[in-house]
Amino acid sequence: MGSELLQRILSWVLAVEGIPLVQVTCNEWQRIQSFQARPDDLLICTYPKAGTTWIQEIVDMIQQDGDLEKCKRAPVHHRHPFIEWVRPPQPSGVEQAEAMPSPRTLKTHLPVKLLPPSFWEQQCKFLYVARNAKDCMVSYYHFQRMNKVLPDPGPWHEYFEMFMAGKVGWGPWHDHVKGWWKVKDMHCVLFLFYEDMKKDLKREIQKVAQFLGKNLDQELLDKIVYHTSFDVMKDNPMANRSGVPRSFMDLSISPFMRKGTVGDWKNHFTVAQNERFEEDYEKKMAGTNLTFCMEL
Ligand SMILES: Nc1ncnc2c1ncn2[C@@H]1O[C@H](COP(=O)(O)O)[C@@H](OP(=O)(O)O)[C@H]1O
Ligand SMILES: O=[N+]([O-])c1ccc(OS(=O)(=O)O)cc1
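Rules of the game
- Residues numbered from 1 in each chain as written.
- Chains lettered and ligands numbered in written order.
- Predicted model: local features only at pLDDT ≥ 70, side-chain atom pairs only at ≥ 80, totals over all residues.
- Heavy atoms only, no water.
- Pairing = 2+ DSSP bridges.
- Helix = DSSP H or I, 4+ residues; strand = E, 2+ residues; numbered from the N terminus.
- Axes fitted to C-alpha atoms, helices over the stretch in contact; angles between N-to-C directions.
- 1 Å grid on protein atoms, 1.4 Å probe; cavity = no way out; pocket = protein on both sides within 12 Å on 5 of 7 lines; lining within 4 Å.
- Points joined across faces, edges and corners; volume = space filled by probe spheres on them.
- Nonpolar A, V, L, I, M, F, W, Y, C, P; charged D, E, K, R; others polar.
- Contact = heavy atoms within 4.5 Å.
- Salt bridge = Lys/Arg side-chain N within 4 Å of Asp/Glu carboxyl O.
- Buried < 20%, exposed > 50% of the residue type's maximum accessible area, 1.4 Å probe, protein only.
- Near = heavy atom within 4 Å.
- Polar contact = N/O pair within 3.5 Å; in protein donor to acceptor, adjacent residues only side chain to side chain.
- Areas by Shrake-Rupley, 256 points an atom, 1.4 Å probe, with all protein chains shown as cover.
- Expected span 1.5 Å × (residues − 1).
- Arc of directions from axis to C-beta.
- UniProt positions renumbered as here; feature names shortened; annotations may be inferred.
- Parallel < 35°, antiparallel > 145°, perpendicular 65-115°, else oblique.

Draft legend 1. Spotlight on the sheet that holds strand 4 (residues 105–108). Sheet architecture is open: four strands sit in the order 4-3-5-6, paired in parallel fashion. Each edge of the open sheet is held by one strand with a lone partner, namely strand 4 and strand 6 (188–193). Geometrically, the sheet is characterised by an average inter-axis angle of 20° between neighbouring strands, direction not taken into account. Of the strand pairs in this sheet, strand 5 (residues 125–130) and strand 6 are connected by six bridges, and their pairing is parallel.

Take a look at the structure:
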């Protein structure tokens, strides 16, 4: 292994149970673990790049009864505290959540095994969005290219190896989706797929509304479908990260709202990489009935 690659892996710090997390998050780990959830919290849970921003905008539109002005009160990544996020001197995700009146909607990328226990104890609602591994990998690669606080992903072929080995932030994709899939019937979890949202956004929004106990009429439903389509969100400064300093995200390298499609992996994976990926995937996903759509 080249020393540069080793350096990139080491810039993630190994946190609890081998899950790489950024160093500042590790430094605050005790505080994050002892986070006090409230029974009426809704927690949006995703593996990075699975469509977090998309589901956040949908949830907010439903909660604000489609009032666009209310949804513009802050950039989407500031509306819902990101519980394991630490970026001094800004208040941490935990601090933001603590200061928030109930009912709260929060966000996390944590795998099941690292979730602060109070979320289970308080029997909160969890909204999980899963996206196929190959598109997550591609999206994550471009995100790390433009995100200046995360390690440089290096060339694609090296990133491909790191992702397969789970040496990326928040750890292996496989364990993440399998973990949340396993708990979904024991807790109050709505488990959605990015690919289903691409196929039939209206139907998936209805599922979310029902989960949140809201009844949407056709007009409101159509409004939310329109407002949360990729093209509209790409032009929405409250969703597209255009207000984020360039020193944090350099959108000229790769936009946050990049492609928003299913199957972009085909433009990145070589035939040999795809074969290796499939072989490894089959082993890691054996024994689960969780299946993903890799193209539409
Ligand atoms: N309304 C929307 N429709 C489809 N994809 C969306 C979307 N909003 C965001 N995305 C995509 O979701 C990914 C970001 O995920 P997250 O919010 O979890 O970081 C990006 O994927 P791509 O990089 O494949 O385009 C982004 O384009
Ligand atoms: O994957 N990350 O490292 C990551 C994901 C989301 C994130 O939050 S965002 O709102 O800045 O996209 C920051 C870092």
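Still more ground to cover, so stick around.
Draft legend 2. Examining the layout of surface pockets more closely. Within this model, the largest pocket holds a volume of roughly 900 Å³. Looking at the largest pocket, it is lined by 44 residues, and the ones nearest its centre are Lys49, Thr53, Lys107, Arg241 and Phe256. Going through the elements one at a time, helix 4 (52–63), helix 6 (76–79), helix 7 (93–98), helix 9 (133–146), helix 12 (194–199) and helix 15 (230–234) are the ones with two or more residues in the lining of the largest pocket. Residue composition of the lining of the largest pocket, by class: 20 nonpolar, 16 polar and eight charged. Space inside the second largest pocket adds up to approximately 200 Å³. Taken together, Asp40, Leu42, Ile62, Gln63, Pro103, Arg104, Thr105, Lys125, Leu212 and Lys214 form the lining of the second largest pocket.

Draft legend 3. How the structure looks around the side chain of Gln273. Looking at where Gln273 falls in the secondary structure, it is placed in helix 16 (residues 271–284). In this view, Gln273 contacts Trp156, His157, Phe160 and His268; residues no more than four positions away in its chain are not counted.

Draft legend 4. Geometry of the pattern of salt bridges. Counting across every chain of the model gives 21 salt bridges. Taking the shortest distance from any N to any O, the salt bridge between Asp41 and Arg104 comes out at 2.7 Å. One end of the pair, Asp41, is in the loop between helix 3 (29–33) and strand 3 (42–46); the other, Arg104, is in the loop between helix 7 and strand 4, with 63 residues separating them in the sequence. For the pair Asp41 and Arg104, a shared accessibility class is recorded, and that class is buried.

Draft legend 5. Spatial organisation of the site of ligand 1. Close to ligand 1 lie 18 residues; Thr52, Thr53, Ser139, Tyr194 and Lys259 are nearest. Take Ala50: an N or O atom from its main chain is 3.3 Å from an oxygen atom of ligand 1. Here ligand 1 has 570 Å² of accessible area as a free molecule, and 97% of this is covered by the chains. The leading source of residues in the shell around ligand 1 is helix 4, at three residues. Broken down by class, the residue content of the shell around ligand 1 amounts to seven nonpolar, seven polar and four charged.

Draft legend 6. Quick look at the environment of Val76. Along the chain, Val76 falls in helix 6. Sequence separation between Val76 and Gln56 is 20 residues, and the spatial gap between their C-alpha atoms is 6.9 Å. The contacts of Val76, once residues within four sequence positions are left out, are Thr53, Gln56, Glu57, Met238, Ala239 and Arg241.

Draft legend 7. Region of the structure containing helix 16. Over its 14 residues, helix 16 extends 20 Å from the first C-alpha to the last, a length consistent with the 20 Å expected when each residue adds 1.5 Å. Looking only at helix 16, the buried set comprises Gln273, Phe277, Asp280 and Tyr281. Along the axis of helix 16, the buried residues cluster in a sector spanning 105°; they form a single face. Facing away from the buried side of helix 16 by over 90 degrees, the exposed positions are Val271, Ala272, Glu275, Glu279, Glu282 and Lys283. In this fold, the buried residues of helix 16 make contact with helix 9, helix 10 (156–164) and helix 11 (173–183).

Draft legend 8. Highlighting the UniProt feature "domain: Sulfotransferase" (unreviewed entry) in the protein. Here, UniProt's "domain: Sulfotransferase" (unreviewed entry) annotation points to residues 39–288. As annotated, residues 39–288 has a helix share of 44% and a strand share of 8%, and its two end C-alpha atoms lie 30 Å apart.

Draft legend 9. Structural context of the packing of helix 10 against helix 16. Helix 16 packs onto helix 10 with a crossing angle of 10° between their chain directions and a minimal axis gap of 11 Å. The orientation of helix 10 with respect to helix 16, classified from their angle, is roughly parallel. Here helix 10 contributes Trp156, His157, Phe160, Glu161 and Met164 to the contact with helix 16, which in turn contributes Gln273, Arg276, Phe277, Asp280 and Lys284. Across the contact of helix 10 with helix 16, the residue classes tally to four nonpolar, two polar and four charged.

Draft legend 10. Molecular detail of the pairing of strand 3. The element strand 3 is extensively covered by neighbouring structure, given that five of its five residues are classed as buried. Neither face of strand 3 is left uncovered, since the one carrying Leu42, Ile44 and Thr46 and the one carrying Leu43 and Cys45 both have all their residues buried. Two elements, strand 3 and strand 4, share four bridges in a ladder whose sense is parallel. Looking across to strand 4, one finds that Cys45 is bridged to Thr108. By the bridge criterion, five bridges tie strand 3 to strand 5 in an arrangement that is parallel. If you follow Cys45 over to strand 5, its bridge partner there is Tyr128.

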